Amino acid sequence: MSASGVNVLRWSALAFGVFYGFSHQRAITASNRAAADKKVYEHKQHLIEQAKAEYAKKKNTAASSTEKSALNQDPMDPKFDLEAYLNALAESK
């Protein structure tokens, strides 16, 4: 009778070990997948920040060039400055 009790205990321990191993492996896999997803997200976020910086840099350069060309280009306007207009035209070419 005690031999069957020992066999039940052994099979129960085996079943528990298999269940524990399966659940532990799932937890490890899930944490690795979450870490990989986080790394991909951070990489995308870094690329977005880099693109925003490049866009801002390009926009500031364009804004500074438009400030030079924001001279009064209407010759009929009383505030028209021919010298500034010609200098800006020479710089753009």
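Please read these numbers as outputs of a predicted model, since none were measured by experiment.

A. Main features of the overall build of the protein. Of the regular secondary structure elements, the protein holds two helices and zero strands. Out of the 93 residues in the protein, the part that is buried amounts to 1%. For the protein, the accessible surface area stands at approximately 8,600 Å², while carbon and sulfur atoms represent 63% of it.

B. Quick look at a nonpolar patch on the surface. On the surface, Trp-11, Leu-14 and Val-18 cluster together into a nonpolar patch covering about 360 Å² of accessible area. Relative to the helices and strands, Trp-11 resides in helix H1 (residues 2–68). Since its relative accessible area comes to 61%, Trp-11 is described here as exposed.

C. How the structure looks around the packing of aromatic side chains. Per the stated rule, a full pass over the model turns up one aromatic pair. Seen in terms of ring centroids, Phe-80 and Tyr-85 are 5.9 Å apart; in terms of plane orientation they differ by 50 degrees. Their pairing is tilted. We classify Phe-80 as partly exposed; its relative accessible area is 22%.

What counts and how
Sequence order as written defines residue numbering, which begins from 1 separately in each chain. pLDDT decides what is reported in this predicted model: residues at 70 or higher carry local features, side-chain atom pairs at 80 or more are listed and counted, and totals for whole chains, interfaces and linings draw on all residues regardless. Values reported for side chains reflect all heavy atoms of the structure, with hydrogen atoms and water molecules removed beforehand. Put simply, DSSP marks the helices as runs of H or I at least four residues long and the strands as runs of E at least two long, and each gets a number from the N terminus on. Each residue's exposure class comes from its accessible area (1.4 Å probe, protein chains only) as a fraction of the maximum for that residue type: buried when under 20%, exposed when over 50%, partly exposed otherwise. Throughout, the Shrake-Rupley method with a 1.4 Å probe supplies accessible areas, and for residues the shown protein chains are the sole cover considered. The residues that make up patches have over 30% relative accessible area and no salt bridge, and they are joined within 9 Å when like-charged or within 5 Å when they are Val, Leu, Ile, Met, Phe, Trp or Tyr. Salt bridges are identified by distance alone: a Lys or Arg side-chain nitrogen within 4 Å of an Asp or Glu carboxyl oxygen. Only centres within 6.5 Å qualify two rings of Phe, Tyr or Trp (six-membered ring in Trp) as a pair; their planes then separate them into stacked at under 30 degrees, edge-to-face at over 60, and tilted for everything else.

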